[in-house]
Amino acid sequence: MTRDRAMSAPRCIPLEAVTDEAVGGKAEGLVRLLRHGFEVPPAFVIRDASETTLPPDLGEQYRRIGAGKVAVRSSAAGEDSSEASFAGQYETVLDVEGPDALVAAIRDCVRSLTNARARAYRSEKLSQSNVQMNIVVQQMVAARSAGVVFTANPMNARRDQVVIDAVKGLGEALVSGRATPDHWVLRRDGTVIDSDFREEAPVLTDSERMMLLEGSLRAEACFGAPVDMEWAFNQEGRLHWLQARPITQLPADPNELDTTPDPSHVYTWANIGEMMPGAVTPLTYSVTGRGIDIGMQHAYRRSGVNVPPGDGIRYVGMYFGHLFINLTTLSEIAADVAGSTKKQMCMALCGRDIEEIPEPEPASKLKRVFNGTRYFYQLLGAATHRRQMDALVGRLSLPKTGSAQFLYQVIDQNLPQVWRAYELHLLSSSSSGALSPILLEILAKGGEPTQEHHAEVAEMLAGAKNVESADIAEGADRIVDLLLDNPEAESGFASVDPLFALQWLRSPASGEAGLELERYLRRHGHRAVRELELRQKGWSADPVPLITSLQSGFRAKREYGAQPRPAATAPGANHPILRRLLPIAHAAIRCREHTKSGLVAVTTEFKHAYRALGAAMVAEGLLPDEDAVFFLTHAELGERLRGRADLANLAVSRRHVIDYQMPLHFPQVFRDRPEPLRLRAVEGEDGALVGKPVSRGTVTGRARVVETLDEAAALEAGEILIAPITDVGWTPYFSLIAGLATDVGSAVSHGAVVAREYGLPAVVNLRVATSRFRTGDLVTLDGNRGTLKLA
């Protein structure tokens, strides 16, 4: 309704008589509610209010709405809009009674238009300096209770949650911050997710809460967007709506790109949650997430599995920005391939059988045997897949200059290379995935594996040598050893900012250490923490995280010397079957880690290409900044290039959501759609946290609890690292620590592989270790029993 207009004489308009006049956001919201049948207290609007000139019919309109107590509120242009709420910037005067008091309140509201606070806010939010004030005069409600309702959760932007805050009496105490309200978070069906009351008896009854829910959702439908509404119940329990406006600056919906679930399907974060920890950007979901899915489809078709044609999403789901594996569709392989069972699949991914997944209907015996033979030969073809991955990495090169349209077309044409890389990695990894549950089953003699069995398998897998990911830590050790031999390293490297340390390390003064760094980056420079996230730069592009870990390693070795590594053992050497299987398992681990490195190298080439695309789109005025490219899907980037303008703002809005999505935790296994967890510990009889042992040994030491890789820079030699999860990006620190404990993980995760290579006791899947313990706690980590406790 707002429009530019010349200033005119103040006049009163009954709320129900407003048509297309520019009456400001607050009045417009009330008009819309009134037109859709909401109970709104009688009111009128003073258009073009002035401090010196009053409307001639002011007294008449005041008497028309009862001539009793009224609320006098500002309704300036731009106020209560989706861009700016102006909350508290302009004046509101309550319980105004009598003509003289009404005039004084009107003048107070008009004067607030020009106060310094409001002028600054208006200039920043709307780039406006001069606007006209309109005023709403509304009959006061003698409120028994009052408050606000949001049809989207303003704390996390979830559109599936409704938030109600309520206080006794007038709502002014709530919006001014003087009172703490009763608080509810509801699902849209009325289910209470969370609540917090000031007193034993809540302010609202169940029926009143449902009235607010139903009314606010109806208002949202009228406004066409999530709304923020003020309301009051009078002494007789009648509901009145006092204000309604779009929720300002609401980020994108954190569930916007969620998979549409089949309620009967079972999902897990196991395995994929270690491969892709935390939330991923929309671009990564559309490239990496789709690559995992299509790679799995292609690999399974090779084994004769009855995978429907096409490249639609089948095995990978996304909720709240996190990736999950669809165990129900994945169990197809157990139906079509002899030698593969649903239980083995679940053991390989989750470490246990998942009873919620029904046994798939088996194919004919002949087909299963034939496909089983094909699958067996695939397991034997790991070396071929490794060579094919090396060839793919060697020939892939994407342009980094040109127009945005050109760069996008080249990326689009080469996306099948990503699908191929995932297919080759999954094929080369299948033998390591298949062998771990087989080893467990042999040790458990067909029964349910115990913690001791998991620890024994971990010890057996520790015998794998020359593993690619283990060299990341060993290579860092080589650089640190050379630095310790350089007398200038203390002043030039260890005691300066990481950027200056990098400059020194790349100068002639660093000697052999600098040359070793360049060799290291040539081999491992594409690696990083969360390395399959397209937004994450590798060490070659951003060496600072690596330099920080080298500085920590230098200081620790200088003060404490090298950490002793336990002598290798040979478990299973006397078992007639295990001694034949273990060399195969070790070779499978080496192959898997090698092709994982190749997969990351392919991903890194696309990272560089997408960054170049982002820079070109900024130069052509299509995106606000280069980082925004990661917050549109690949298909949406094509749409933006074809002229869809709203996607630029959508990218920025999505970027605000990822901080909420990133730390969320979910049940390991769930059906339909997950709800983020408030994690609960699994405790042993002695109060220890119980997880999964993945590398044997017991150690007592000081805890170092870190949530991010940046915090790991404070690690000191001999500490026990407690982290949410560790991937390849953490491994340069492994030469420092005495043990590893993580909230999430499995026996085949990269952190577990490197921990075994270093002989470090390690326990994963402790769920709440990062919140239960504090840095400096003296703790005992038992990699034999899978426990972590205070010493």
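Predicted model, so just to flag it, every value in this text is computed and none were measured.

**Quick word on the overall build of the chain**
Turning to step 1, where the next piece is worked out: What the chain contains, in helices and strands, is 26 helices and 23 strands.
Turning to step 2, where the next piece is worked out: Burial statistics for the chain: of 791 residues in total, 57% are counted as buried.
Turning to step 3, where the next piece is worked out: Partitioning the contacts of the chain with sequence separation of at least 6, the portion at a separation of at least 24 is 68%.
Turning to step 4, where the next piece is worked out: Working note: accessible area of the chain is about 32400 Å², and carbon and sulfur atoms make up 51% of it.

**Details of the sheet that holds strand β3 (residues 70-74)**
Turning to step 1, where the next piece is worked out: The five strands lie next to each other as β1-β2-β5-β3-β4, forming an open sheet whose pairing is antiparallel. Two strands bound the open sheet, and with one partner strand each, they are β1 (11-14) and β4 (92-96). Taken pair by pair, the neighbouring strands of this sheet meet at an average axis angle of 20 degrees, ignoring direction.
Turning to step 2, where the next piece is worked out: Where helix α3 (residues 99-112) meets the sheet, its contacts fall on β2 (43-47), β3, β4 and β5 (135-139), and the angle it forms with β3 comes to roughly 20 degrees.

**Overview of the environment of Leu217**
Turning to step 1, where the next piece is worked out: Tracing the sequence through the fold places Leu217 in helix α6 (residues 206-223).
Turning to step 2, where the next piece is worked out: When the C-alpha positions of Leu217 and Thr151 are compared, they lie 6.5 Å apart, and in sequence the two are 66 residues distant.
Turning to step 3, where the next piece is worked out: Every residue in contact with Leu217, bar those within four places of it in the chain, is listed here: Thr151, Val162 and Arg188.

**Observations regarding the sheet that holds strand β7 (residues 161-168)**
Turning to step 1, where the next piece is worked out: Read from one edge to the other, the open sheet built from six strands follows the order β9-β8-β7-β6-β10-β11, with strand pairing classed as antiparallel. Where the open sheet ends on each side, the last strands, each with one partner, are β9 (192-196) and β11 (239-246). Between one strand axis and the next, the sheet turns through 15 degrees on average, direction left out of account.
Turning to step 2, where the next piece is worked out: Across six bridges, the pairing between β7 and strand β8 (residues 182-187) is antiparallel. Opposite Asp165, over in β8, you have His183 as the bridge partner.

**Description of the nonpolar core**
Considering soluble globular proteins, one finds that nonpolar side chains tend to be buried as a cluster.
Turning to step 1, where the next piece is worked out: Counting 85 residues, the largest nonpolar core has Leu327, Phe606, Tyr610, Leu613 and Leu637 as the members making the most contacts within it.
Turning to step 2, where the next piece is worked out: Contact partners of Leu613, with chain neighbours within four places excluded, come to Ala404, Leu407, Tyr408, Ile411 and Leu637.
Turning to step 3, where the next piece is worked out: Membership of the second largest hydrophobic core comes to 33 residues, among which are Val23, Ala27, Val40 and Ala244.

**A look at helix α16 (residues 468-484)**
Turning to step 1, where the next piece is worked out: Under the 1.5 Å per step criterion, the end-to-end length of α16 is 25 Å for 17 residues, consistent within 8% with the ideal 24 Å.
Turning to step 2, where the next piece is worked out: The buried fraction of α16 is high, at 12 of 17 residues.
Turning to step 3, where the next piece is worked out: Inspection of α16 places Glu468, Ser469, Ala470, Asp471, Ile472, Ala473, Gly475, Ala476, Asp477, Ile479, Val480 and Leu483 among the buried residues, and these make up the whole buried set.

**Looking at the environment of Arg558**
Turning to step 1, where the next piece is worked out: Secondary-structure assignment places Arg558 in helix α20 (residues 544-560).
Turning to step 2, where the next piece is worked out: Apart from the residues lying within four places of it in its own chain, the contact partners of Arg558 are Leu484, Glu490 and Ala494.
Turning to step 3, where the next piece is worked out: Within the structure, Arg558 has its side chain in polar contact with the side chain of Glu559 (distance 3.3 Å).

**Section: the pattern of salt bridges**
Turning to step 1, where the next piece is worked out: Tallied over the entire structure, the rule returns 38 salt bridges.
Turning to step 2, where the next piece is worked out: Close ionic contact of Arg704 with Glu719 constitutes a salt bridge, the shortest N to O distance being 3.0 Å. Of this pair, Arg704 sits in strand β18 (residues 698-705) while Glu719 is found in the loop between β18 and β19 (720-723), placing the two residues 15 residues apart along the sequence. Of the two residues, Arg704 and Glu719, both sit in the buried class.
Turning to step 3, where the next piece is worked out: Via salt bridges that share partners, Asp471, Arg478, Glu512, Glu516, Arg519 and Arg523 belong to a single interconnected network.

**Concerning a nonpolar patch on the surface**
Turning to step 1, where the next piece is worked out: Nonpolar side chains collect at one region of the surface, where Phe376, Tyr377 and Leu380 lie side by side and expose about 370 Å² of accessible area between them.
Turning to step 2, where the next piece is worked out: Mapped onto the secondary structure, Tyr377 falls in helix α12 (residues 365-380).

**Quick word on the packing of helix α19 (residues 512-524) against α20**
Turning to step 1, where the next piece is worked out: Their axes nearest at 13 Å, the elements α19 and α20 cross at an angle of 130 degrees. By the criterion of interaxial angle, the relationship of α19 to α20 is oblique. Read as a crossing pair, α19 and α20 show a hand that is right-handed. Residues Leu517, Tyr520 and Leu521 of α19 touch α20, and the partners they reach there are Leu546, Ile547 and Leu550.
Turning to step 2, where the next piece is worked out: In terms of residue class, the contact of α19 with α20 is made up of six nonpolar, no polar and no charged.

**Comments concerning the confidence of the model for the chain**
Turning to step 1, where the next piece is worked out: On average, residues of the chain score 87 in pLDDT, and 89% of them are at 70 or above.
Turning to step 2, where the next piece is worked out: Within the chain, helix α22 (residues 634-641) carries the highest mean pLDDT (98), whereas helix α4 (residues 116-126) carries the lowest (49).
Turning to step 3, where the next piece is worked out: Throughout residues 1-6 the model reports pLDDT below 50, and contacts reaching past four residues in sequence, or to other chains, amount to 17 contacts.
Turning to step 4, where the next piece is worked out: Here residues 124-128 is modelled with pLDDT under 50, and outside its nearest four sequence neighbours on either side it reaches 10 contacts, counting other chains as well.

**Describing the environment of Thr780**
Turning to step 1, where the next piece is worked out: Inspection of the secondary structure assignment puts Thr780 in strand β22 (residues 778-782).
Turning to step 2, where the next piece is worked out: Judged by relative accessible area, Thr780 falls into the buried class, the value being 15%.
Turning to step 3, where the next piece is worked out: A distance of 2.8 Å separates a polar atom in the side chain of Thr780 from a polar atom in the side chain of Thr700.

**Description of the pairing of β5**
Turning to step 1, where the next piece is worked out: Within β5, four of the five residues are buried, which leaves it mostly tucked inside the rest of the structure.
Turning to step 2, where the next piece is worked out: Pairing geometry for β2 and β5, over four bridges, is antiparallel. Each residue of the ladder has a partner; that of Ile46, found in β5, is Ile135.
Turning to step 3, where the next piece is worked out: Relative to β5, β3 runs antiparallel, the two being bridged by five bridges. Opposite Arg73, over in β5, you have Val136 as the bridge partner.

Reading the values: rules and limits
Within each chain, residues carry numbers counting from 1 in the order of the written sequence. Given that this is a predicted model, residues contribute local features only at a pLDDT of at least 70 and side-chain atom pairs are listed and counted only at 80 or more, while totals for whole chains, interfaces and linings are drawn from all residues. Only hydrogens and water are set aside when side-chain values are computed; all heavy atoms of the structure are taken into account. Secondary structure elements follow DSSP: runs of H or I of four or more residues count as helices, runs of E of two or more count as strands, with numbering from the N terminus. Three labels apply to residues, based on accessible area from a 1.4 Å probe with only protein chains included: buried if under 20% of the type maximum, exposed if over 50%, partly exposed otherwise in between. Any two residues whose heavy atoms approach within 4.5 Å are treated as being in contact. Accessible surface area values rest on a Shrake-Rupley calculation with a 1.4 Å probe, where residue burial reflects the displayed protein chains alone. Note: two strands are recorded as paired if DSSP finds a minimum of 2 bridges between them. A fitted line through C-alpha atoms serves as each axis, taken over the contacting stretch for helices, and the angle formed by two N-to-C directions is quoted from 0 to 180°. Here, nonpolar core refers to any group of buried Ala, Val, Leu, Ile, Met, Phe, Trp, Tyr and Cys residues whose side-chain atoms link them within 4.5 Å. Helices are assigned an expected span. That span is 1.5 Å times one less than the residue count. Distance and chemistry together define a polar contact, namely a pair of N or O atoms within 3.5 Å, with one atom able to donate a hydrogen and the other to accept it when in protein, and with adjacent residues in sequence counting only for side-chain atoms on both sides. Any carboxyl oxygen of Asp or Glu that lies within 4 Å of a side-chain nitrogen of Lys or Arg is treated as forming a salt bridge with it. Like charges are joined within 9 Å and nonpolar side chains (Val, Leu, Ile, Met, Phe, Trp, Tyr) within 5 Å, but only among residues with over 30% relative accessible area and no salt bridge; these make up the patches. Roughly parallel means an angle under 35 degrees; roughly antiparallel, over 145; roughly perpendicular, 65 to 115; everything else is oblique. Helix crossings fall into two classes, left-handed where the near helix is turned counterclockwise from the far one by less than a right angle and right-handed where it is turned clockwise. Amino acids are sorted into nonpolar (Ala, Val, Leu, Ile, Met, Phe, Trp, Tyr, Cys and Pro), charged (Asp, Glu, Lys and Arg) and polar (every other residue, Gly among them). A score from 0 to 100, pLDDT tells how confident the predictor is in each residue.

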